[in-house]
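Examining the three-dimensional arrangement
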Amino acid sequence: MATLLSVNVGMPKDVSWQGRTVHTGAWKTPVQGPRMVRRLNIDGDGQGDLAGHGGEIRAVLVYQLQSYQYWQKQLGRDDLTYGMFGENFTVDGLPDDEVCIGDRYRIGEAEFEVTQPRVTCYRVGMRLGEPTMASLLVAHHRPGFYLRVLTEGHVQAGDEITLIRKGPEELSVADTDALLYLPDRDPAKLRKALNIPALSPGWQQSFHELAAAQQPRQEPGWPGERASGQQPREVPGWAGFKAMRVARIVPETPDVLSVYLDTTDGTPLPEARPGQYLSIRLTVGDAAPAVRSYSLSSAPTATTYRISVKHEPHGKVSSYIHATLHPGDLVDIASPRGTFVLEGDTRPIVLISAGIGVTPVLAMLHQLADTRDPRPVWWIHTAHDRAHHAFADETHALLAQLPNAHEQIYYTSEAPHPDEPHITQGRPTAPSLAATGIPTDADAYLCGPNAFMDDLGGFLREHGLSPERIHTEQFSALPAINPGVTATAATRPHRPPGPPGTGPLITFARSGITTPWSPAHASLLDLAEACDIPTRWSCRTGVCHTCITHLVAGDITYTTPPLELPEPGTILVCCSQPTSEVVLDL
């Protein structure tokens, strides 16, 4: 008979960690006497980061005495006391390889249901002073598990734990954990996992994606709006950079020009997906080579790509392209990449852009026109005025080739001509979007300034579009995912403080930072954080893949081998260091 040895609680507090402040409830201590267990918490307990911990599905965390004894030997520790693994219930028995998802137990007056393994989180390592602990818990098949409270009631140390119902499929906690985080997955176990109603929604989503032969897009347990927490994987058309020749340069507006790029040897180019971008590496002055990314702005031919570049007044690379680049010049180009791409489907399509954000959706429009796509298409674009409306004639001609196209243009600083009913002065609003007749089952693709995409995305959701049908592209660094870290004022990315390193150059392409590597940094993630580049991570030990990043060029080595390697062309920055010059899409 299993027994409840200790009830452990703790309220969230601020803890100093690596120069930052983490708001966490990982510090739990045993309490004496009965404690009331409620639907969301044990009295006196709390979680600092409700996105990944706590809530109805993860109300109570369980860890076993036998695992404490195991880690005492493995880690050579004699100071491990109940609650140090962040658990609410320390139990004698209930091993992870026997307890199954969906099992139900009675403890004291309360009844519980097993919902998922522990979320891989850096804070257990932070609490124990063992940075790789999140990885070790998975690798050694000892994660612990969460309970949902079915019946509220009092519990206390010494209560017997009674199994009242076995879960369907009898898939153990250890097997469930391995199914997500470890390679060589058993398809039969994956089918079992998808047939367990008690399994938490986050884990169900991840297993559905695995069943569709996709890697999980996010750490299970995080809310849906973080579904883009990882960069989905893709195999590049070629490794690193290769030289391409500038075939011609075409002015589009006073501040936008298009650059046509050909191969140097006439070999066919890999076909880019509409919406993808190229990274270009240029030596500007005496500084280290600079890398910038620009969306392809048309359907590529067998030997030509087109990018379109807006001149930014203080932009070093865009200024060079506008003033110095000439036909015949050779430039270094990385293979097309990016996951903001037009999906093949039967739903209506809405393409929305502002300013130079037109480029990726213009490539999508080219694809639709080339194939005479029968789907209804809405083209909605915002520009300053007629003179700065890039590709106006081109898009109008492409839309005319489609059987069911709708065009709406907004000029923020110029009134339309009387014979231009498709042009409006002002900016898009929720009523004006609704008036265009956009159907609620459409797929929408948005690109432009962040505030523009936030506003238009909100308008579309209000109109009835599902959030998962609204796709956005950001040219700058992606928003950070740093669970539990207290937010501070945003700082513009910069080179790391202190003496420069002497190692190979590391370029963060989205952030426009190039700096020499220094062994003072534990990982590429550590270097990015020193540069105040927005980063995305959860476990920091190569388990959850939240930090997955496209490797544009270069080679790395892993300081802590990931439990499962990412696919070619991507790396886990949390546990990698460079072995050559490296360019990251970060």
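Here is what the cut-offs are and how they apply
- Residues numbered from 1 in each chain as written.
- Predicted model: local features only at pLDDT ≥ 70, side-chain atom pairs only at ≥ 80, totals over all residues.
- Heavy atoms only, no water.
- Salt bridge = Lys/Arg side-chain N within 4 Å of Asp/Glu carboxyl O.
- Helix = DSSP H or I, 4+ residues; strand = E, 2+ residues; numbered from the N terminus.
- Buried < 20%, exposed > 50% of the residue type's maximum accessible area, 1.4 Å probe, protein only.
- Phe/Tyr/Trp six-rings, centres within 6.5 Å; stacked < 30°, edge-to-face > 60°.
- Lys NZ or Arg CZ within 6 Å of the ring centre and 35° of its normal.
- Contact = heavy atoms within 4.5 Å.
- Pairing = 2+ DSSP bridges.
- Axes fitted to C-alpha atoms, helices over the stretch in contact; angles between N-to-C directions.
- Expected span 1.5 Å × (residues − 1).

**Topic: the pattern of salt bridges**
Scanning the model with the defined rule gives 25 salt bridges in all. In this structure, R123 engages D49 in a salt bridge whose closest nitrogen and oxygen atoms are separated by 3.3 Å. Of the two residues, R123 sits in helix 2 (residues 122-128) while D49 sits in the loop between strand 5 (35-37) and strand 6 (60-64), which places them 74 residues apart along the sequence. For D49, a relative accessible area of 10% gives the class buried.

**Some thoughts on the packing of aromatic side chains**
A full pass over the atoms with the stated rule returns 12 aromatic pairs. Grouped by ring-pair contacts, the aromatic residues Y63, Y68, Y82 and F85 constitute a single cluster. If you follow K242 out to its NZ or CZ, it ends over the ring of W238, 4.3 Å from the centre.

**Focus on the environment of L551**
For L551, the position within the fold is in strand 27 (residues 548-553). On the basis of relative accessibility, which here comes to 15%, the residue L551 falls in the buried class. Put simply, L551 and V582 are 31 residues apart on the chain and 7.6 Å apart in space, counted from C-alpha to C-alpha. When neighbours within four sequence positions are excluded, L551 is seen to be in contact with R337, G569, T570, I571, V582, V583 and L584.

**Thoughts on the sheet that holds strand 25 (residues 505-508)**
Strand order in the open sheet formed by 5 strands is 26-25-31-27-29, with mixed pairing between adjacent strands. The sheet terminates laterally at strand 26 (513-516) and strand 29 (570-572), the two strands that pair on one side only. Across this sheet, the average inter-strand angle for adjacent strands is 35 degrees, counted without regard to direction.

**Description of helix 11 (residues 450-463)**
An ideal rise of 1.5 Å per residue puts 20 Å on 14 residues; helix 11 measures up with 20 Å between its terminal C-alpha atoms. The inward-facing, buried residues of helix 11 abut strand 19 (349-354), strand 20 (377-383), helix 10 (430-435), strand 23 (443-447) and strand 24 (470-473). At the C-terminal side of helix 11, G464 shows a positive phi close to 120 degrees.

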